[in-house]
Amino acid sequence: MADLFDKCAASTERAAGMRATRSFPYGKPVEARDGTVVTVDGRRVIMAGSNDYLGLATDARVVAGAVAATEKYGASCTGAPIMTGTIALHRELEERLAAFLGREAAVVATTGFQTNLALATLLGRDDVVFADAANHASLVDAARLGFARHHRYRHGDTAHLERLLAGSDARGGGLIVTDGLFSMEGDVCDLPTLVDLAGRYHARLAVDCAHDIGLLGPGGRGVPAMFGLESRVDIVTGTFSKCLGSTGGFIAAERGVVDFFRHHARSIVFSAGLPPASTGAALAALDVMEAEPERRERAFALASRMRDGLRGLDLAVGGGDTPIVPVHVGDDFVCRRLWWELLGEGVFVNAVSSPGVPVGRELVRVCVTAGHSEAQVDRVVDAFARAAARVGLGAEAGAGAGA
Ligand code: PMP
C-alpha cells in the first residue's frame, strides 16, 4: 500500500515551490482590521478582496449586535438547533429573512456552506439534479452528497441544460440549481430561461443568492427580485458572510419545505446552532441594510470607478457591473505572482485558480465595498499599474519591467 499521507507531502512541496518563487497567495493572516485597511506582515494594506460589499462587518451597530447577543446568550449555542441549540434570536432572524424575501419561512444554518449542503437532503435515489458547472463548491458537494443522479450543464448554457432535461428519464423529481450572482466571474444567471425550463420540465429551481442578496434587485432582495421572478424560484439560499457582515446562512422557501430542512438536513440537524454573535450581527446588519440603501449604490459607483481604472491599464476586466471585479490572467503562476506584487504594493486581493475557476480561467478577484473611498480605489488602480507591469500584463508591460 502507498502511504495515505503522500498527497500531503506533495502539497507541502508545491507550497514551498510557490513560496520560493514569491507566489504563495493562500491564508495570509490579517493581524488587525480598521475598516477597509488591514494589517498584514506588520504593514497596513488596503483590503480589496473581501465580500463585505456593504462595509457592514466592522460597522459599530453590527458589532454592537454581536456583543449584545453574546452577552445575553453566551459565546455558543452548545447544541444542535433541533435539540437545545435554538435561541429566540434565531427565530427572530428567520422571520425577518422570510418577510424581507417575501417567503413563507426561513431556517438558519451555521455557515452558508452548510446551508447549501442541506439541499442534499432533498435528493433521493430516483431524483435528478441539474447544476451549472460554475456553481459554488457547496452546491457541488450537495449534489455529490445526495443520492440523485447529478448532471452538470456548461456554465450559463441553458440550451445544454434543456438537452439534459429533455433526455432525463428520472422517475422522481428534478432540481435545477444555480448561483444567482456567480462569485468568481461576477456574472448573473439567466433566471428567466431557468424559470421557463423548470416550469416546462416540472423541475424545482433553487438559487444560491449568497452574493446578490443585499446588492441586486429592488431593496437588495437578490437576483430573483431583480428579474421580478421571486414567485417562480422555489428555494432561495443565502449567507450572512457577504453583505450582512456576519457568518451563517439560511434557506427560504414555502413552510413545509423549510420545516423539512429544519428536521432532516444533516448539515443543520447535526451541527451546533448559529452562534449568538453571528445571529445578533446579521439582525443588526439587516436593519442597517434596509435603512441605508445608499450603501449599495456607493458600492456600485466605486466598482464602476475601479473597472474603468483597470480597463484603462488594458487589463482583462470581466464580470457585469457589480462590486465583483475579476481581472482575468489565464495563467496560474502569473496570477499568483500578480497577487504577490499587489500585496507588496499595499493591496490585498484574491488569487483564484482551479478549483475556484477552471484551469485557464485564473483570475485576480477584486471586490469593492461601500466602505472604500474614491482615493483607495485610485490607489488600487495605481498598484495594479505597477504590479501588472512587473508580471508582464497590461498596458505598461512592454515598458521593460521584468517579473
Ligand atoms: N455560496 C456561494 C456562492 C459562496 O460564494 C459562498 C462562500 N464564498 C458560500 C455559498 C458559502 O458561504 P459561507 O462562506 O457563508 O459558508
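Small disclaimer: the values here were computed from a predicted structure and weren't measured.

Notes on the overall build of the chain
Link 1 in the chain: Scanning the chain for helices and strands turns up 14 helices and 15 strands.
Link 2 in the chain: For 403 residues, the compact-globule formula gives about 22 Å, and the C-alpha radius of gyration of the chain, at 22 Å, lands near that figure.
Link 3 in the chain: Expressed as lengths along the three principal axes of its C-alpha atoms, the size of the chain is roughly 65 × 55 × 55 Å.
Link 4 in the chain: Expressed as a percentage of its 403 residues, the buried residues of the chain come to 51%.
Link 5 in the chain: Considering only contacts within the chain whose residues lie at least 6 apart along the sequence, 70% involve residues at least 24 apart.

Things to note about the site of the ligand
Link 1 in the chain: Near the ligand lie 14 residues; those nearest to it are G112, H136, A210, T239 and S241.
Link 2 in the chain: The element best represented in the shell around the ligand is helix α4 (residues 112–117), accounting for three residues.
Link 3 in the chain: For the shell around the ligand, the class distribution of residues is two nonpolar, ten polar and two charged.

Topic: the sheet that holds strand β14 (residues 350–352)
Link 1 in the chain: Here we have four strands laid out as an open sheet, ordered β11-β12-β15-β14, and antiparallel in their pairing. The sheet terminates laterally at β11 (316–317) and β14, the two strands that pair on one side only.
Link 2 in the chain: With respect to the sheet, helix α12 (residues 294–311) is in contact with β11, β12 (324–328) and β15 (363–367), its orientation differing from that of β12 by roughly 15 degrees.

Looking at the domain arrangement of the chain
Link 1 in the chain: Each assigned domain of the chain is listed with its residue range as follows: domain 1 (20–49 + 293–399) and domain 2 (60–291).
Link 2 in the chain: Here the C-alpha centre of domain 2 lies 28 Å away from the C-alpha centre of domain 1.
Link 3 in the chain: Opposite the 15 residues of domain 1 that make contact, domain 2 presents eleven residues.
Link 4 in the chain: Looking at the side of domain 1 that touches domain 2, the elements with two or more residues in it are β12 and β15.

Side note on the sheet that holds strand β10 (residues 249–253)
Link 1 in the chain: Here seven strands make up an open sheet; going across it, the order is β4-β10-β9-β8-β7-β5-β6 and the pairing mixed. The strands lining the two open edges of the sheet, one partner per strand, are β4 (105–109) and β6 (149–153). Taking the axes of each pair of neighbouring strands and ignoring which way they run, one obtains an average angle of 20 degrees across the sheet.
Link 2 in the chain: Here four bridges tie strand β9 (residues 235–239) to β10, and the two strands are oriented antiparallel to one another. Each residue of the ladder has a partner; that of V236, found in β10, is A252.
Link 3 in the chain: Against the sheet, helix α7 (residues 191–200) makes contact with β7 (174–179) and β8 (203–208), and its axis sits at roughly 155 degrees relative to β8, the strand it touches most.
Link 4 in the chain: Strands β4, β9 and β10 of the sheet are contacted by helix α9 (residues 255–264), whose axis makes an angle of about 20 degrees with β4.

Let's talk about the UniProt feature "domain: Aminotransferase class I/classII large" (unreviewed entry) in the chain
Link 1 in the chain: Taking the numbering used here, the UniProt-annotated feature "domain: Aminotransferase class I/classII large" (unreviewed entry) corresponds to residues 48–384.
Link 2 in the chain: Taken end to end, residues 48–384 comprises 41% helix and 16% strand; its first and last C-alpha atoms sit 12 Å apart.

Concerning the pairing of strand β2 (residues 37–40)
Link 1 in the chain: Where strand β1 (residues 32–34) lies against β2, three bridges are found, and the strand directions are antiparallel. Pairing of A32 across the sheet is with T39, part of β2.
Link 2 in the chain: Connecting β1 to the next strand, β2, in antiparallel fashion are two residues, including G35 with a positive phi near 65 degrees.
Link 3 in the chain: Bridge count for β2 against strand β3 (residues 43–47) is four bridges, and the pairing is antiparallel. From the neighbouring strand, T39 faces β3, where its bridge partner is R44.
Link 4 in the chain: Counting the residues in the hairpin turn of β2 and β3 gives two residues, including D41, whose phi is positive at 50 degrees.

As for α12
Link 1 in the chain: The end-to-end C-alpha separation of α12 is 26 Å, in line with the 26 Å expected for 18 residues at 1.5 Å each.
Link 2 in the chain: In the core, the buried residues of α12 are packed alongside β11, β12, β15 and α14 (374–390).

Describing the packing of helix α13 (residues 332–344) against α14
Link 1 in the chain: Relative orientation of the contacting elements α13 and α14 amounts to 140 degrees, with a least axis distance of 9 Å. In this view, α13 runs oblique relative to α14, as classed from their interaxial angle. Between α13 and α14 the crossing geometry is right-handed. Listed contacts from α14 to L338, E341 and L342 of α13 are A383, F384, A387, A388 and R390.
Link 2 in the chain: When the residues that make up the contact of α13 with α14 are grouped by side-chain class, the tally is six nonpolar, no polar and two charged.

Examining the environment of D287
Link 1 in the chain: In this structure, D287 sits in helix α11 (residues 276–291).
Link 2 in the chain: The exposure class of D287 is partly exposed, given the 13 C-beta atoms found within 10 Å.
Link 3 in the chain: Separated by 240 residues in sequence, D287 and M47 place their C-alpha atoms 25 Å apart.

Parameters at a glance
Residues numbered from 1 in each chain as written. Predicted model: local features only at pLDDT ≥ 70, side-chain atom pairs only at ≥ 80, totals over all residues. Helix = DSSP H or I, 4+ residues; strand = E, 2+ residues; numbered from the N terminus. Rg over C-alpha atoms; globule rule 2.2 N^0.38 Å. Buried ≥ 20, exposed ≤ 12 C-beta atoms within 10 Å, placed from the backbone. Contact = placed C-beta atoms within 7 Å. Near = placed C-beta within 6 Å. Nonpolar A, V, L, I, M, F, W, Y, C, P; charged D, E, K, R; others polar. Pairing = 2+ DSSP bridges. Axes fitted to C-alpha atoms, helices over the stretch in contact; angles between N-to-C directions. Domains from an automatic or database assignment. UniProt positions renumbered as here; feature names shortened; annotations may be inferred. Expected span 1.5 Å × (residues − 1). Parallel < 35°, antiparallel > 145°, perpendicular 65-115°, else oblique. Left-handed = near helix turned anticlockwise from the far one by under 90°.

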